[in-house]
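# Structural overview for review
Take a look at the letters that make up each chain.
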Amino acid sequence: MSPSVALLKESTPAFAPSIKADVKARAIHRLLSDLQQKSYQFFCPTPETQEISINKRIQLSEKELLTAKSVHDIWGWSIATEESETFHSRELIDQLIAAGVLTRDKLASGVLRPQIRVSCLYSEGAGPNYYVHSSWPTDTVDAVFFGPDSYRYIRYMSSLSRHIPNPSIAIDMCTGAGVGAIHLARMYPNAKVYGLDINPKALELASINVAHQMPNNKISLVLSDGFSAVADELRDQVDIVAIDPPFIAGDERTYASGGPTGIELTLRLLTEARDVLRVGGELWAHMAAPITFDGRDKFRESLRTLCGFEVVEYDVIDVDIFGTDIADPASYKDIGRLAAIGLVLRKLF
């Protein structure tokens, strides 16, 4: 199948930013250029570390309101900035305000709050390295998450390039800020890469990241509930489906909502992926497995019921992640921890 074959069903439009989003994108691209000139670098911590760090800064601050002391505070730590500060030119500040990237605090006069965050993914020397995602805290339903999971996902994906050396078509499902889609395009510059997500806000930020990271690469971003937007003629033709799915139980935020026990959405997407992969094609997943108090892996138990795949790899990447999320006894009553899992499934028939 040629990489030029359309992914979308005729009834499904490709994602296209609105005029308002385009104004926002231009402001953000100018911001990224300014940050690059300032040698900005920020690696995104866990939400728990973020909260601890902010609370510590508040305790150490002599001011009633914690405000930024650097561009790292604004765009990395999501700390408000006084409008009189000169971290950026007045012209850029005005453009960011007009685009809604900086908003005026409703309670504190002369204070601006960042509505995005800018994080690095790779170490130095890897080319453009800024990824735009939602500011902290990511507590809105349509928040776009980036964090330690993103780093684990990319490292695991990189380790799998030997499996399928020359794919024609690859899909990054639940693409979010576009991290997986961009990395697939870097791994396979001759492949046609698609990033699918159900969240329009995620695709808006992903489109900015794609334009910044790979301006000459035609990564296609598609608004899709699962694989529903994939054209019938492309089914059984895809070489790779990569996925970093939501996996938190009972969470309403799109980026986190994994279903009642946290694994339902993942299992659904694995089943749907089987229908788009070619025979011999592979699904690469970075996901979380709920582990019971007595050590049972509930995801692996459920995986046994999935037909048409062989398990090529099932690797424990990290034995304990997102510990605070299992505190809810209603969703995780018999769960002692969440383990980060690297999974490779190969389609048999």
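What counts and what doesn't
Residues numbered from 1 in each chain as written. Predicted model: local features only at pLDDT ≥ 70, side-chain atom pairs only at ≥ 80, totals over all residues. Heavy atoms only, no water. Pairing = 2+ DSSP bridges. Helix = DSSP H or I, 4+ residues; strand = E, 2+ residues; numbered from the N terminus. Right-handed = clockwise from strand over helix to strand, strands pointing away. 1 Å grid on protein atoms, 1.4 Å probe; cavity = no way out; pocket = protein on both sides within 12 Å on 5 of 7 lines; lining within 4 Å. Points joined across faces, edges and corners; volume = space filled by probe spheres on them. Nonpolar A, V, L, I, M, F, W, Y, C, P; charged D, E, K, R; others polar. pLDDT = per-residue confidence, 0-100. Contact = heavy atoms within 4.5 Å. Buried < 20%, exposed > 50% of the residue type's maximum accessible area, 1.4 Å probe, protein only. Lys, Arg positive; Asp, Glu negative; His and termini not counted. Salt bridge = Lys/Arg side-chain N within 4 Å of Asp/Glu carboxyl O. Axes fitted to C-alpha atoms, helices over the stretch in contact; angles between N-to-C directions. Expected span 1.5 Å × (residues − 1). Arc of directions from axis to C-beta.

## Quick look at the pairing of strand β8 (residues 220-223)
- Here strand β7 (residues 192-197) runs beside β8; their pairing, made up of four bridges, is parallel. Following the sheet pairing, Y194 is matched in β8 by S220.
- The parallel pair β7 and β8 is bridged by helix α7 (residues 200-213), and the resulting crossover is right-handed.

## Here we look at empty space enclosed by the protein
- Per the stated rule, a full pass over the model turns up one cavity of 30 Å³ or more.
- Quantified by volume, the largest cavity comes out at close to 50 Å³.
- For the largest cavity, the full set of lining residues is I74, T81, E82, E83, E85, F87, H88, I93 and L112.
- Its residues assigned to classes, the lining of the largest cavity comprises four nonpolar, two polar and three charged.

## Notes on the confidence of the model for the protein
- Per-chain confidence: the protein averages 92 in pLDDT, with 93% of residues scoring 70 or above.
- Low pLDDT (under 50) marks residues 1-5, which in the prediction has 13 contacts with non-local residues, meaning those over four places away or in another chain.

## Description of the side chain of D197
- Looking at the element boundaries, D197 is found in strand β7.
- Despite its burial, D197 pairs with no opposite charge, the nearest such side chain being R268 at 11 Å.
- Filtering out sequence-adjacent residues up to four positions away, D197 remains in contact with C174, T175, G176, A202, L203, V222, L223 and S224.

## A closer look at the sheet that holds strand β13 (residues 309-321)
- Across the sheet, seven strands lie side by side as β8-β7-β6-β9-β12-β14-β13; this open sheet has mixed pairing. The sheet is open, and its two borders are formed by β8 and β13, each paired with just one other strand. If you compare each strand with its neighbour and ignore which way they point, the axes differ by 20° on average.
- Where β13 meets strand β14 (residues 335-347), nine bridges bridge the pair, whose relative direction is antiparallel.

## Side note on helix α8 (residues 264-276)
- Spanning 13 residues, α8 covers 19 Å between terminal C-alpha atoms, matching the ideal 18 Å at 1.5 Å per step.
- All buried positions along α8 are accounted for by T266, L269, L270, A273, R274 and V276. Looking down the long axis of α8, one finds its buried residues gathered within 160° of arc, a one-sided arrangement.
- In this structure, the buried residues of α8 make contact with β6 (169-173), β9 (238-243), β12 (277-292), α9 (298-303), β13 and β14.

## Re the environment of N166
- Along the chain, the position of N166 falls in the loop between α5 (148-158) and β6.
- In sequence terms N166 and G176 are ten residues apart; their C-alpha atoms lie 25 Å from each other.

## Examining the pattern of salt bridges
- Per the stated rule, a full pass over the model turns up 22 salt bridges.
- The salt bridge partner of R152 is D318, with a shortest N-O separation of 3.9 Å. With R152 in helix α5 and D318 in strand β13, the pair connects residues that are 166 residues apart, well separated along the chain.
- Taking the relative accessible area as the measure of exposure, D318 reaches 27% and is therefore partly exposed.

## Details of the sheet that holds strand β2 (residues 102-104)
- Read across the open sheet, the three strands follow the order β1-β3-β2; overall the sheet is antiparallel. At either end of the open sheet lies a strand with only one pairing partner, and these are β1 (81-82) and β2.
- With three bridges connecting them, β2 and strand β3 (residues 111-114) associate as antiparallel partners. Bridging from a neighbouring strand, T103 pairs with R113 of β3.
- Of the strands in this sheet, β2 and β3 are in contact with helix α4 (residues 90-98), which crosses β2 at around 80°.

## Observations regarding the pairing of β12
- Counting buried positions along β12 gives 13 out of 16 residues, so the element sits mostly inside the fold.
- Sheet analysis places β9 next to β12, joined by five bridges and oriented parallel. Bridging from a neighbouring strand, V238 pairs with L277 of β12.
- Sheet analysis places β12 next to β14, joined by eleven bridges and oriented antiparallel. Across the sheet, residue A288 finds its bridge partner in β14, namely A340.

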